[in-house]
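Structural characterization, general
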Amino acid sequence: GVLVAEVLAATVGRLQTRAANAETGLTAWSVNPIVKTFRDDLPPETQAPVRLQLARNEQEALQLVVRSPQAIPNFRYELDVPRDKDGKGLGVLEKGVVGYVPIDHPTSYYRSETPVWHRKYPRGRGNCDGWAGWWPDPILPQQAVSLAAGDCQPLWITFETSKDAPAGEYAGAVRLYAGDRLVKRVPVTVNVWDFVLPEEHSLAAIYDIRFAGKSWSREGKSRQQLREDCLRFMAKRKLSGDRVRAQPKFR
């Protein structure tokens, strides 16, 4: 068959929503940390209180998403560490903001032998369920960011508890600033359960650690040093690598 159709020159524009125009100020809401938040996501109609649950000897991330109808180029946040009735505070493993990376082809895994600075062109059609656009991925170790009008920006805070952390309710807050002006204070409540997670885990899982190409060189460290950094990072979060070094050969 033959398809005849008019072709118009066009560019991809931003998604416009009535909800974004109806906002009167900065909005903040929590999202499950395993859910990716895109820049044009909408806030929920009703914003539930921010609550987290942890056992002892555990880590849990808070993904707090902010959105403003006006641009805030000097946006930042500060954390009031959640504390119990006796003033005991939770540990904070990391504080950052979620960064976005451009994805221009909905592809599954493939490799390229071109230099790292070359633009990568796919050789086949996309095989995944994604789409081209800005995808949230890295957690940047910073608490300040330029907030564009109508864009979602996730903030990321990971709390941790010790083996002997007192059980009960901990109360804190995330303070949101435009420069030095406090715009909003978001209360955060954390409940610590009265049991301890074991040091040895029974869930079997494999997380590949792969270093290939010059793009993995960083701060003058060798691949072995980078691998050790990754293993420490994963061990802190109760994850296992794909293999244990050194690997003996039994005959």
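Remember, it's a predicted structure, so these values are computed and weren't measured experimentally.

**Section: the overall build of the protein chain**
Within the protein chain, the regular secondary structure consists of 2 helices and 10 strands. The secondary structure elements of the protein chain, listed N-terminal to C-terminal, are α-β-β-β-β-β-β-β-β-β-β-α. C-alpha extents for the protein chain along the principal axes are approximately 75 × 70 × 40 Å. In the protein chain, once contacts between residues fewer than 6 apart in sequence are set aside, the share between residues at least 24 apart is 76%. Carbon together with sulfur atoms contributes 53% to the accessible area of the protein chain, which is approximately 17,400 Å² in total.

**Points about the sheet that holds strand β5 (residues 91-103)**
Strand order in the open sheet formed by 5 strands is β1-β3-β8-β5-β6, with antiparallel pairing between adjacent strands. Among the strands making up the open sheet, the edge pair consists of β1 (27-31) and β6 (133-140). Recorded for the sheet is a direction-independent mean angle of 25 degrees between the axes of neighbouring strands. Bridge analysis of β1 against strand β3 (residues 59-67) gives 5 bridges, and the strand direction is antiparallel. Looking at the pairing, Trp29 lines up with Val65 of β3.

**Observations concerning unusual backbone geometry**
Positive phi, normally seen in glycine, also occurs at Asn57, with a value near 60 degrees. By the element assignment, Asn57 lies in the loop between β2 (50-56) and β3. Non-glycine residue Lys238 carries a positive phi angle of around 65 degrees. Along the chain, the position of Lys238 falls in the segment after α2 (223-236). Judged by its relative accessible area of 24%, Lys238 falls in the partly exposed class.

About the cut-offs
Residues numbered from 1 in each chain as written. Predicted model: local features only at pLDDT ≥ 70, side-chain atom pairs only at ≥ 80, totals over all residues. Heavy atoms only, no water. Helix = DSSP H or I, 4+ residues; strand = E, 2+ residues; numbered from the N terminus. Contact = heavy atoms within 4.5 Å. Areas by Shrake-Rupley, 256 points an atom, 1.4 Å probe, with all protein chains shown as cover. Pairing = 2+ DSSP bridges. Axes fitted to C-alpha atoms, helices over the stretch in contact; angles between N-to-C directions. Buried < 20%, exposed > 50% of the residue type's maximum accessible area, 1.4 Å probe, protein only.

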